[in-house]
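Below, each chain spelled out in residue letters.
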Amino acid sequence: MKSLKGVKVFTSEVERAKKAAVLKVGSETIGAAREFLAEEGFVELLPVIVAPITDPLRHNTDRAVIEAYGGHWHLTRSMIFHKQAAVTVCERIFSFSPNIRIEPPDWGKTGRHLWEFVQLDLEVRDGTREELMDLGERLLVYVLERVRERCADELAFLGRNLRVPQRPFPVFTYGEARKRYGDDFEVALSREMETPFWIIDFPVDVREFYDREDPERPGVLLDYDLIYPEGYGEALSGGEREHLLHRIQERIARQGLDPSQYRGLLELAERGLPPSAGFGIGIERLIRYICGLPHVAEARLFPRVPGELSVV
Ligand code: ASP
Ligand code: MG
């Protein structure tokens, strides 16, 4: 075995006290997000762990599939399609959704990846990009304010001086950001900025098929990523959705994917999916940012780091 990260947690008093502080901050972070969303009229769904369809995530080729009852079930890579289906029942939904993404082993060193993580995944029926960006900013500011109040001792112990940013956050288009900062624009901008900022208008071929192409500007998506300052990288990713059957079929074909893999989604769309928009916030990344931690693994008691083994 290469590394036993899981047991390191319990070795020294200082490590234990630090971990306890991080876990308390994490718990308050989750509580504050729940409070905010309840106040905004969201219904919390229990997460989907196994399903016949899941997020395509084209970069992530190592599939986690289990067999049961004569069928094949993906471990959830994201609840995207279940979110689209759920808003046919409730107007606004969220879930703390565990995701399994078997990322390349060297991604263990990015500081930003775990292969088991939790995202706060939400969706709004008839939601628009503008509304969801506004919601994302208010959610983040609310959580940061509450955690600063409720965890002042823990943050001081961790040496973190957490600033609450002013809204609205700056917005860059993908095109602008790339022209000014090159291919690694996200990292460069994240290091340079002192406040969270948005990147919008991703080109259609760099994202998954479910984010909606702007009917007015073919080739450009109605999506949005929120990036943390201080070099912490991506906070949230989301978009308006393709919900019409023929559009979903076109986008699947354009990406060279096998439509039979998405039969469940196509059946839902045939019966009628409402327009919607949403986003997912990586919880460990949020806790990492709030606490000022070098690696997302530190946000969890039993982290799953790409490329590393564990005994617990
Ligand atoms: N859950 C989605 C993802 O993991 C984010 C979104 O809602 O677009 O990509
Ligand atoms: Mg996505």
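Before reading on, note that the structure itself is shown above.
Residues numbered from 1 in each chain as written. Chains lettered and ligands numbered in written order. Predicted model: local features only at pLDDT ≥ 70, side-chain atom pairs only at ≥ 80, totals over all residues. Heavy atoms only, no water.

Chemist: Please provide a residue-by-residue account of the pairing of strand E10 (residues 233–240), values included.
Modeler: With respect to burial, E10 is a largely interior element, six of its eight residues being buried. Where strand E9 (residues 223–228) meets E10, six bridges bridge the pair, whose relative direction is antiparallel. Across the sheet, Tyr224 pairs through a bridge with Gly238, a residue of E10. In this structure, E10 lies alongside strand E11 (residues 276–282), joined through five bridges in antiparallel fashion. Considered in E11, the bridge of Gly238 is made with Phe279. (Buried < 20%, exposed > 50% of the residue type's maximum accessible area, 1.4 Å probe, protein only. Helix = DSSP H or I, 4+ residues; strand = E, 2+ residues; numbered from the N terminus. Pairing = 2+ DSSP bridges.)

Chemist: An account of the sheet that holds strand E3 (residues 65–68) is requested, with residue identities and associated values reported.
Modeler: In space, the three strands of this open sheet follow the order E2-E4-E3, with antiparallel pairing throughout. The sheet is open, and its two edges are formed by strand E2 (50–51) and E3, each paired on a single side. Of the strand pairs in this sheet, E3 and strand E4 (residues 71–75) are connected by four bridges, and their pairing is antiparallel. Opposite Val65, over in E4, you have His74 as the bridge partner.

Chemist: I'd like to hear about the sheet that holds strand E8 (residues 197–200), residue by residue, with values.
Modeler: Sheet strands associate in pairs through backbone hydrogen bonding, adopting either a parallel or an antiparallel arrangement. Strand order in the open sheet made by the eight strands is E1-E5-E6-E11-E10-E9-E8-E7, with mixed pairing throughout. This sheet does not close on itself; its edge strands, each paired only once, are strand E1 (43–44) and strand E7 (171–173). Where strand E5 (residues 92–100) and strand E6 (residues 116–125) come together, nine bridges link them in antiparallel fashion. The residue bridging Ile100 from the neighbouring strand is Glu116, located in E6.

Chemist: I'd like a rundown of the site of ligand 1, residues and numbers included.
Modeler: Inspection of the region around ligand 1 gives Asp55, Ser78, Lys83, Arg101, Gln119, Asp121, Tyr210, Ser237, Gly238, Arg241, Phe279 and Gly280 as its neighbouring residues. Arg101 places a side-chain nitrogen or oxygen 2.9 Å from an oxygen atom of ligand 1. Take Tyr210: an N or O atom from its side chain is 3.1 Å from an oxygen atom of ligand 1. Class assignment for the residues of the shell around ligand 1 results in two nonpolar, five polar and five charged. (Near = heavy atom within 4 Å. Polar contact = N/O pair within 3.5 Å; in protein donor to acceptor, adjacent residues only side chain to side chain. Nonpolar A, V, L, I, M, F, W, Y, C, P; charged D, E, K, R; others polar.)

Chemist: Pulling in residues and values, what's your account of the pairing of E6?
Modeler: Taking burial as the measure, the 10 residues of E6 include eight buried ones, the bulk of the element. As paired elements, E6 and E11 share seven bridges and run antiparallel to each other. The residue bridging Leu122 from the neighbouring strand is Phe279, located in E11.

Chemist: Let's hear about helix H8 (residues 245–254): which residues, and what values?
Modeler: Structural remark: α-helix, 3.6 residues per turn; residues separated by three or four positions point the same way. When H8 is considered as a whole, its buried residues turn out to be Arg247, Ile248, Arg251 and Ile252. Along the axis of H8, the buried positions cluster into a sector of 135°, meaning they face one direction only. Gly256 lies just past H8 and shows a positive phi near 65°. (Arc of directions from axis to C-beta.)

Chemist: Any details on unusual backbone geometry? Residues and values, ideally.
Modeler: Backbone geometry follows two general trends: most residues other than glycine have a negative phi, and most peptide bonds adopt the trans configuration. With an omega dihedral of -10°, the bond running from Arg167 to Pro168 counts as a cis peptide bond. With a phi close to 35°, Leu57 is a non-glycine residue in the positive phi region. With respect to the secondary-structure elements, Leu57 resides in the loop between E2 and E3. Here Asp126, not a glycine, exhibits a phi torsion of approximately 60°, which is positive.

Chemist: Break down the packing of aromatic side chains for me, with residues and values.
Modeler: Across all of its chains, the model carries 13 aromatic pairs by this definition. Seen in terms of ring centroids, Phe81 and Tyr262 are 6.1 Å apart; in terms of plane orientation they differ by 75°. Their pairing is edge-to-face. With a gap of 181 residues between them, Phe81 in helix H3 (residues 80–86) and Tyr262 in the loop between H8 and helix H9 (263–271) connect regions that are remote in the sequence. For the pair Phe81 and Tyr262, one class covers both residues: buried. With centroids separated by 5.3 Å and ring planes inclined at 85°, the aromatic side chains of Tyr174 and Phe185 adopt a geometry described as edge-to-face. Note that Tyr174 is positioned in helix H6 (residues 174–181) and Phe185 in helix H7 (residues 185–192), a separation of 11 residues in sequence. Judged on exposure class, the residue Tyr174 and its partner Phe185 are both buried. The rings of Phe81, Phe209, Tyr210 and Tyr262 are connected pair by pair, giving a single aromatic cluster. In this arrangement the basic side chain of Arg160 is found over the ring face of Tyr289, its NZ or CZ atom lying 5.4 Å from the centre. Over the aromatic face of Phe202 sits the side chain of Arg207, whose NZ or CZ is 4.1 Å from the ring centroid. (Phe/Tyr/Trp six-rings, centres within 6.5 Å; stacked < 30°, edge-to-face > 60°. Lys NZ or Arg CZ within 6 Å of the ring centre and 35° of its normal.)

Chemist: Tell me about the state of the cysteines, residues and numbers included.
Modeler: Counted under the stated rule, the structure contains zero disulfides. With no disulfide partner, Cys151 has as its closest neighbouring cysteine sulfur the one in Cys291, 8.0 Å distant. (Disulfide = S-S within 2.5 Å.)

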